[in-house]
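Structure assessment
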Amino acid sequence: MYLTTEEQAMLDGEEGETLRKAIEILVSLGDIYGADRLIPVKSAQIAGVSYKTIGDAGLEWISDLHGKVRIPSILNPAGMDLQDWEKMRIDPEFAHKQQLIIEAYEKLGISSKCTCTPYYLEGFNAICADHLAWSESSAVSYANSVIGARTNREGGPSALSAALVGKTANYGYHLDEMRKPTVSVTVDYELKGSDYGALGYIVGNIVGSRVPLFILKGKPDNEELKSLGAAMAASGAVALYHVEGVTPEARKNKFARPDENIVIEESQIREIYDKTKPDINDLDIITIGCPHCSPAELSLIAGLLEGTTVSKEVWICTSREVANKYAGIVKSIEKSGAKVICDTCMVVSPATEKYKAMMVNSGKALAYVPGMCGVPTLFGDIYKCIREAVKE
Ligand SMILES: C[C@@](O)(CCOP(=O)(O)O)CC(=O)O
Ligand code: SF4
């Protein structure tokens, strides 16, 4: 791989051990995947933040790094609400370790506004064709597919390396030829809301890491696309998809339909809702906000909860920046007894592990909560989630 004189000097350790290690990771990945050079990236989003997922080994690795990031960089959700972890009944020992992880990242100049939806935040907006180094899989899918920006699904260490160096290796989804659809998916039924999460849950399983081109009846909005992409990245490893007539690259390029076509029937979507493994009578927690809620989602939830009181634990997960900006909506949600939880989520926090059964409106949460939290999970649309939340 071609390196500039400056990059070679960094690799030779002339700018210190942290940058040497960081560029070594980028160059090794570039060599493995056949990159020709390093390219500048506009921002980095770094996964591997929750103490639940990275443990002491992760904390040690981050604490050993020195220096400052060169581009706007932000963290993925942590294992708890950083300001109000007591309301989640987090163990103080966990909270202490989590705080050390956050401080170690902050020391490197990384924003601790922990979220998987950085694209809603000031300073992290991306536009079509921007190169990024993001690592949370739903954020990667949203950036590539809905925005038309370009990022591989970085691992925590490679996103952190990109943040420190300000560059990433030029391979994979940074290249035009890797962004073409390789399989098409037809749905002849008008989907809405969480149906898109159910669709993603099914399609991810079938297409693995290919690039699907959807041919749909309706026109999904950005929240629906967010849940489609998140679920496909969880049940499969889809980092980029297109929707004919909707997503930016499909509109611009008018891709030829790939030969292989998968048809998804309405009955398959319905099955996801009916796949009720736990007994609904065990339901003791409802979580919404995987990926983190947008302002529009918060406002819909506030409207549905108006004048009600919840009878179960209810978490609405979002980023702190969005929660602060829409404090009035948050207040109105919390009036019902539901909790608006920031900096974390139902999957990466240990706090959900003690519940008997969870209801979610997210295909991604449906794919991860049973395995990562050990909690049997039911799937419902947002209206069903709220109905269950307020049911006596
Ligand atoms: C499940 C996920 O959304 C959160 C866990 O990630 P982390 O490695 O703890 O940041 C990660 C992902 O899908 O990229
Ligand atoms: S809310 Fe969902 S998408 Fe966001 S970090 Fe948690 S599991 Fe990942």
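The residue numbering used here restarts from 1 in each chain and proceeds along that chain's sequence as written. To label them, take the chains in the order written and letter them from A, then take the ligands in the order written and number them from 1. Selection of residues for local features in this predicted model requires a pLDDT of at least 70, selection of side-chain atom pairs for listing and counting requires 80 or more, and totals for whole chains, interfaces and linings are taken over all residues. Values shown for side chains rest on all heavy atoms present in the structure; no hydrogens or waters enter the calculation.

- Naming follows an unreviewed UniProt entry, where the chain appears as Phosphomevalonate dehydratase large subunit of Methanomethylovorans hollandica.
- UniProt positions are given in the numbering used here, feature names are shortened, and annotations may be inferred rather than shown by experiment. Per UniProt, the chain carries the Sequence similarities (unreviewed entry) text "Belongs to the AcnX type II large subunit family."
- Taken from UniProt, the Subunit (unreviewed entry) comment for the chain reads in full: "Heterodimer composed of a large subunit (PMDh-L) and a small subunit (PMDh-S)."

Overview of the pairing of strand 6 (residues 183-187)
- We call a residue buried when its accessible area falls under 20% of the maximum for its residue type, exposed when it is over 50%, and partly exposed in between, using a 1.4 Å probe and counting protein chains only. A run of DSSP states H or I qualifies as a helix once it reaches four residues; a run of E qualifies as a strand once it reaches two. Both are numbered from the N-terminal end. The buried count for strand 6 comes to 5 of 5 residues, which makes it a mostly enclosed element.
- Because side chains alternate across strand 6, one face comprises the buried residues Val183, Val185 and Val187, and the other comprises Ser184 and Thr186, equally buried.
- In this sheet, strand 7 (residues 212-215) lies alongside strand 6 in parallel orientation, the contact comprising 4 bridges. Bridge assignment links Thr186 to a residue of strand 7, and that residue is Ile215.
- Pairing between strands is defined by DSSP: at least two bridges between the two strands are required. Both strand 6 and strand 9 (residues 261-264) contribute to a ladder of 4 bridges, which runs parallel. Bridge pairing links Thr186 to Val263 in strand 9.

Some thoughts on the site of ligand 1
- All residues in the neighbourhood of ligand 1 are listed as Ala47, Gly48, Val49, Thr53, Asn76, Ser135, Glu136, Ser137, Arg153, Val348, Lys364 and Tyr368.
- Here an oxygen atom of ligand 1 sits 2.6 Å away from a polar atom, N or O, in the side chain of Thr53.
- Residues adjacent in sequence count toward polar contacts only when both atoms are side-chain atoms; beyond that, a polar contact is any pair of N or O atoms within 3.5 Å, and within protein one must be able to donate a hydrogen and the other to accept it. The side chain of Asn76 places a nitrogen or oxygen atom 2.8 Å from an oxygen atom of ligand 1.
- Its free accessible area being 380 Å², ligand 1 has 84% of it covered by the protein chains.
- As a working rule, the residues Ala, Val, Leu, Ile, Met, Phe, Trp, Tyr, Cys and Pro are called nonpolar, Asp, Glu, Lys and Arg charged, and the rest polar, with Gly in that last group. Of the residues that constitute the shell around ligand 1, the class distribution is 4 nonpolar, 5 polar and 3 charged.
- Each of domain 1 (5-176) and domain 3 (276-390) accounts for three or more of the residues forming the shell around ligand 1. Each residue is tested against the molecule or strand, and it is near if at least one of its non-hydrogen atoms lies within 4 Å. Values of accessible area rely on a 1.4 Å probe in the Shrake-Rupley scheme; residue burial ignores everything except the protein chains shown. For the domain bounds, the source is a domain assignment made automatically or taken from a database.

Considering the side chain of His292
- Relative to the assigned elements, His292 resides in the loop between strand 10 (285-288) and helix 11 (295-305).
- His292 sits in the buried class, given a relative accessible area of 0%.
- In this structure the side chain of His292 is engaged in a polar contact, spanning 2.8 Å, whose partner is the backbone oxygen of Thr344.

Description of the sheet that holds strand 8 (residues 242-243)
- Ordered in space as 8-7-6-9, the 4 strands form an open sheet in which the pairing is parallel. Each edge of the open sheet is held by one strand with a lone partner, namely strand 8 and strand 9.

Some words on the pattern of salt bridges
- The working definition used for a salt bridge is a side-chain nitrogen of Lys or Arg within 4 Å of a carboxyl oxygen of Asp or Glu. All told, the structure shown has 23 salt bridges when counted by the stated rule.
- Between Glu388 and Lys384 there is a salt bridge; the shortest N-O distance is 3.8 Å. One end of the pair, Glu388, and the other, Lys384, are both in helix 15 (residues 382-390), 4 residues apart, so they sit about a helical turn from each other.
- Residue classification places Glu388 among the buried positions, given a relative accessible area of 7%.
- Taking the relative accessible area as the measure of exposure, Lys384 reaches 28% and is therefore partly exposed.
- Each member of the salt-bridge network shares a partner with another, and the members are Glu17, Arg20 and Glu24.

Examining the sheet that holds strand 3 (residues 73-75)
- With parallel pairing, the 3 strands of this open sheet are ordered in space as 3-2-4. The open sheet has two edge strands with one neighbour each: strand 3 and strand 4 (133-134).
- Bridge count between strand 2 (residues 44-46) and strand 3: 3 bridges; the pairing is parallel. The residue of strand 3 that forms the bridge with Ile46 is Leu75.
- Helix 6 (residues 156-165) contacts strand 2, strand 3 and strand 4 of the sheet and is inclined by roughly 145 degrees relative to strand 2. Should any heavy atoms of two residues lie within 4.5 Å, those residues are counted as being in contact. Lines are fitted to the C-alpha atoms to define the axes, a helix being fitted only along its stretch in contact, and any angle between axes, read from their N-to-C directions, falls within 0 to 180 degrees.

A few points about the site of ligand 2
- Taken together, Pro77, Cys116, Glu136, Ser138, Gly289, Cys290, Pro291, Cys345, Val347 and Lys364 make up the full set of residues adjacent to ligand 2.
- The two domains that each donate at least three residues to the shell around ligand 2 are domain 1 (5-176) and domain 3 (276-390).

Topic: helix 8 (residues 222-235)
- For a helix, the expected span equals 1.5 Å multiplied by the number of residues minus one. Over its 14 residues, helix 8 extends 20 Å from the first C-alpha to the last, a length consistent with the 20 Å expected when each residue adds 1.5 Å.
- When you tally the buried positions in helix 8, you get 11 out of 14 residues, the bulk of the element.
- Taken together, the buried positions of helix 8 are occupied by Glu224, Leu225, Lys226, Ser227, Leu228, Gly229, Ala230, Ala231, Met232, Ala233 and Ala234.
- Contacts made by the buried residues of helix 8 are with helix 5 (137-147), helix 7 (195-207), strand 7, strand 8, helix 11 and helix 14 (363-373).
- Put simply, Asp221 is the residue that caps the front of helix 8, since its side-chain oxygen is 3.1 Å from the backbone nitrogen of Glu223.

What about the packing of aromatic side chains?
- The aromatic pairing rule takes the rings of Phe, Tyr and Trp, using the six-membered ring of Trp, and pairs them if the centres are within 6.5 Å, calling planes under 30 degrees apart stacked, those over 60 edge-to-face and the rest tilted. Following the criterion strictly, the structure yields 7 aromatic pairs and no others.
- Measuring from ring centre to ring centre gives 6.5 Å for Tyr119 and Trp134, while their planes differ by 20 degrees; the resulting arrangement is stacked. Of this pair, Tyr119 sits in the loop between helix 4 (92-107) and strand 4 while Trp134 sits in strand 4, and the two are 15 residues apart along the sequence.
- For Trp134, a relative accessible area of 0% translates into the label buried.
- Considering the side-chain rings of Phe214 and Tyr241, the 6.0 Å spacing of their centres and the 90 degrees angle between planes classify their relative orientation as edge-to-face. Residue Phe214 is found in strand 7, and its partner Tyr241 is found in the loop between helix 8 and strand 8; the two are separated by 27 residues along the sequence. Assigned by exposure class, Phe214 and Tyr241 land together as buried.
- Members of the aromatic cluster, connected to one another through ring pairs, are Tyr119, Tyr120, Trp134 and Tyr142.

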